[in-house]
Structures are given as structure tokens and as C-alpha cells.
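Residue-level structural notes
Spelled out from the first residue to the last, the chains are:
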Amino acid sequence: MTSLFSWKRFFTNLPKLLITLPVTLEIVLVTYTFGVILAILIATVRIKKIPVLNQLIAIFISFERDTPLLVQMLISYYGIPMLISAIFKIDTRRWSRIIFVFIAYTANVSAFLSEVFRAAILSIPKGQTDAALACGLTNKQCFIRIILPQAFRIALPNMWTFMISLFKSTSLVYMIGVVDIIGRAQAIGSATSHSLESYVIVALIFVVFSLLLQLPYSFVERKLSFCKPKKEVENEI
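In this report, we go over the structure that sits alongside the text. What you are looking at is a predicted structure, and each value in this text was computed from that prediction instead of being measured.

1. Side note on the pattern of salt bridges
- In total, this model carries five salt bridges according to the counting rule given.
- Asp 91 is the salt-bridge partner of Arg 93, the closest N and O atoms lying 2.9 Å from each other.
- Residue class for Asp 91 comes out partly exposed when judged on its relative accessible area of 47%.
- With a shortest N-O distance of 3.0 Å, Glu 115 and Arg 118 are connected by a salt bridge. Of the two residues, Glu 115 and Arg 118 both sit in helix 5 (residues 97–122), three residues apart, roughly one turn of that helix.
- The class of Glu 115 is buried, set by a relative accessible area of 17%.
- Look at Arg 118 and you get partly exposed, because its relative accessible area is 23%.
- Three or more residues are tied together by salt bridges with common partners; here these are Arg 46, Glu 115 and Arg 118.

Written out as C-alpha cells, the structure is:
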């Protein structure tokens, strides 16, 4: 058992793997932030049904939802440099590989969440828009102040679930040479011929952070709940 799994190797590898955790968190933070912004814009275009642009976005969403994320990342890594070189004559060989991860993951997040936002926005009764316009608000003010906050509340469960899924899917980035915790675990395994300890650590890290990501959601959900729990109402009385 000692040769297969060693607690000494476990605790020796732990700090080596934790050092690369900021790379994973950076990917999640950057891609999710820009993905949400882009998703709102895409959802708006889809709702307004802007000619040509709406059809192109529909194709984009279909591609992102129907192909594996790994394939999308590889297309981003190998295809975008060729496209930039052909059109703009720019050499991208010195670009950081994580840039192409950002592009691929942001596109994937925006495609999935745009449909979540579109459904959430369409679920808001049209009478609220009419009432806001009757009160003198512009269409932009109505969307930002009235529709979007309610849509966020409706979309929140799916948004948070997708964030956790995004965190776990970052395990693919080592495939193009980005050294995250999976990449470092593989490197340690290759150097020491002992991989089990490193992968157990990685599994524990993903479990712990997935649980930690659920804590703020539970807090926000309670704060945004339309109906307060019975105990809270009794305490207020």
C-alpha cells in the first residue's frame, strides 16, 4: 500500500499543486465575468430578433452547445492564430496560451448563459415594461432598472450551477500546455512515477472549492427570496 499511496508524498505534493490554483481561479473569474456580459448582449439580440445577426448568433450558440469544450479550446488554440496571421499578418506565437483559453471559455459561457438570460427576460410580464414606459422611463432605463434585476434573480440558480461546472471544466486547459493544477499533477506524476497522491489532492481541491462556491449562492438566494421563511417572519413580528 505504501508504494501505491504515501501520505508523505501526499503532503509533499500538496503545496506544489496549491501554487497553481490561482491559474484555475483566474480562468474562472475572467471567462465568467466576460461571458455574462456577452451573454446579456446576445440574449438582447435574440429577443429583438435583429436580422442576419440573430441568425449568425443562433449558429454560434448551436455550435457552442453541441460540440465538446475541449474541441472548442483546440479550435481556438490552433485556428485563431492562423486566422489572425492570414487577415492581419500578426505573429501570435509569443502570445500566452491562456489567452486562447480565455477566448474559448468565454465563448462557451456566453452561449450557454445567453439562453438562460433570454428565458429569464422573456418570463418577465410585458405589463411591467408597459407600466415603466407609461411612467416616463426610456426602453434602456426600463431594461436596466426593471427587467434585468428580475431576470438575474430568475437566472441565478442556473448561473451558479454553470459557474461550478465551469470551475470543474478548467481541468481541460492542460491539454494545450497551460500549467494549472491538473497540468502540475501530471508533471509531478511523470517526474516521480507516482501519480495517485497528486490526483487525490486535485480531486479534494475541486470538491472543496465546489462546496465553497455553493455557500455564497445559498446566502444570496435567501436574500433574494420572494418569500421569507416562517421563522424569520415570526421573529420580525
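What follows picks up the thread again.
2. Considerations on the side chain of Asn 108
- If you trace the backbone, Asn 108 turns up in helix 5.
- Looking at Asn 108, its side chain comes within polar contact range of the side chain of Gln 72, at 3.0 Å.

Definitions and limits used
Residues numbered from 1 in each chain as written. Predicted model: local features only at pLDDT ≥ 70, side-chain atom pairs only at ≥ 80, totals over all residues. Heavy atoms only, no water. Salt bridge = Lys/Arg side-chain N within 4 Å of Asp/Glu carboxyl O. Buried < 20%, exposed > 50% of the residue type's maximum accessible area, 1.4 Å probe, protein only. Helix = DSSP H or I, 4+ residues; strand = E, 2+ residues; numbered from the N terminus. Polar contact = N/O pair within 3.5 Å; in protein donor to acceptor, adjacent residues only side chain to side chain.

Function cannot be read off these values alone, since they describe shape.
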